[in-house]
Amino acid sequence: QVHLVESGGGLVQAGDSLRLSCAASGRTLSNYHTGWFRQAPGKEREFVAAISWSGDSTYYADSVKGRFTISRDNVRSTVSLQMNSLKPEDTAVYYCAARYKVYYIAYTAPDYHYWGQGTQVTVSS
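Just so it is clear, the structure is predicted and the values come from calculations on it, not from any experiment.

### What to know about the overall build of the protein chain
Part 1: Across its full length, the protein chain carries 0 helices and 11 strands.
Part 2: Seen in sequence order, the protein chain has helices and strands lined up from the N terminus as β-β-β-β-β-β-β-β-β-β-β.
Part 3: Expected size for 125 residues packed as a compact globule is a radius of gyration near 14 Å; at 13 Å, the protein chain falls within 12% of this value.
Part 4: Taken along its principal axes, the extent of the C-alpha atoms in the protein chain is 40 × 25 × 25 Å.
Part 5: Here the protein chain displays about 6,200 Å² of accessible surface, and carbon together with sulfur accounts for 49% of that area.

What follows is the structure, given as C-alpha cells:
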C-alpha cells in the first residue's frame, strides 16, 4: 500500500505558475504509474496528466497540453506537476493518484488504486 500527500497548491493570478508535489510513503512510488486529476465544484473528477512508473511516458489532457508538465523522481518517491500559464478554469482541487504498474497506464479515476487528500488551486482572473 502507498500513502500519497499532495502539496504546493495556492491562490495565484491568471498567467502565473505553480508546482504541485506528491510525496509517497509506504511502498515506493516506482511500483506505480502516477496521475494527477482535478475536481472543480459541481463537476466530476477529470484527468489532468499521467506518467508511467519508469517516467518514460507521459500523457496530458488536451486542456493542459503545452502548459503543464508531469515528472517523477523515483529515488525520492515524488511526482510533480509544473503548471504554467494558469487560467481561471484550472481552479480545482488537484489529486495525486497511483495505479499498480502491472496494469497498463490509465486516464480515468476509477482505474487508480490510491489517492491523496488533494490540494486546492485557485486562479483568479
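### Things to note about the side chain of Arg-72
Part 1: Residue position: Arg-72 is located in strand β7 (residues 68-73).
Part 2: Polar contacts involving the side chain of Arg-72 include one to the side chain of Thr-34, which spans 3.4 Å.
Part 3: A polar contact is formed between the side chain of Arg-72 and the backbone oxygen of Trp-53, at a distance of 3.4 Å.
Part 4: Beyond its immediate chain neighbours, meaning those up to four positions away, Arg-72 contacts Leu-29, Ser-30, Tyr-32, His-33, Thr-34, Ile-51, Ser-52, Trp-53, Ser-54, Gly-55, Thr-78 and Val-79.

### With respect to unusual backbone geometry
Part 1: One non-glycine residue, Ser-77, lies in the positive phi region at around 55 degrees.
Part 2: With respect to the helices, strands and loops of the structure, Ser-77 is situated in the loop between β7 and β8 (78-83).
Part 3: Positive phi, close to 50 degrees, is recorded for Ser-85, a residue that is not glycine.

### What to know about the sheet that holds β8
Part 1: Taken together, 4 strands build an open sheet; the order of strands is β1-β3-β8-β7 and the sheet is antiparallel. Both edges of this open sheet fall to β1 (2-7) and β7, since each of them pairs with a single strand only. Neighbour-to-neighbour, the strand axes of this sheet turn through a mean angle of 15 degrees, independent of strand direction.
Part 2: Both strand β3 (residues 18-26) and β8 contribute to a ladder of 6 bridges, which runs antiparallel. Within β8, the residue paired with Leu-18 across the bridge is Met-83.

### Regarding the packing of aromatic side chains
Part 1: A full pass over the atoms with the stated rule returns 10 aromatic pairs.
Part 2: Ring centres of Tyr-32 and Tyr-100 lie 5.1 Å apart, and the angle between their planes is 35 degrees; on these two criteria the pair is classed as tilted. Taken as a pair, Tyr-32 in strand β4 (residues 32-39) and Tyr-100 in strand β9 (residues 92-100) lie far apart in primary sequence, 68 residues in all.
Part 3: Here Tyr-32 falls in the buried class, since its relative accessible area comes to 0%.
Part 4: Classification of Tyr-100 by relative accessible area gives partly exposed; the value is 23%.
Part 5: Residues Phe-37 and Phe-47 carry aromatic rings whose centres are separated by 5.8 Å and whose planes lie at 75 degrees to one another, so their mutual orientation is edge-to-face. Of this pair, Phe-37 sits in strand β4 while Phe-47 sits in strand β5 (residues 46-51), and the two are 10 residues apart along the sequence.
Part 6: Under the relative-accessibility criterion, Phe-37 is labelled buried at 1%.
Part 7: Residue classification places Phe-47 among the buried positions, given a relative accessible area of 15%.

### Looking at the pairing of β8
Part 1: As paired strands, β7 and β8 are joined by 6 bridges and run antiparallel to one another. Counterpart to Phe-68 in the pairing with β8 is Met-83.

Basis of the calculations
- Residues numbered from 1 in each chain as written.
- Predicted model: local features only at pLDDT ≥ 70, side-chain atom pairs only at ≥ 80, totals over all residues.
- Heavy atoms only, no water.
- Helix = DSSP H or I, 4+ residues; strand = E, 2+ residues; numbered from the N terminus.
- Rg over C-alpha atoms; globule rule 2.2 N^0.38 Å.
- Areas by Shrake-Rupley, 256 points an atom, 1.4 Å probe, with all protein chains shown as cover.
- Polar contact = N/O pair within 3.5 Å; in protein donor to acceptor, adjacent residues only side chain to side chain.
- Contact = heavy atoms within 4.5 Å.
- Pairing = 2+ DSSP bridges.
- Axes fitted to C-alpha atoms, helices over the stretch in contact; angles between N-to-C directions.
- Phe/Tyr/Trp six-rings, centres within 6.5 Å; stacked < 30°, edge-to-face > 60°.
- Buried < 20%, exposed > 50% of the residue type's maximum accessible area, 1.4 Å probe, protein only.

Take it as geometry only, folks, not as evidence of what the structure does.
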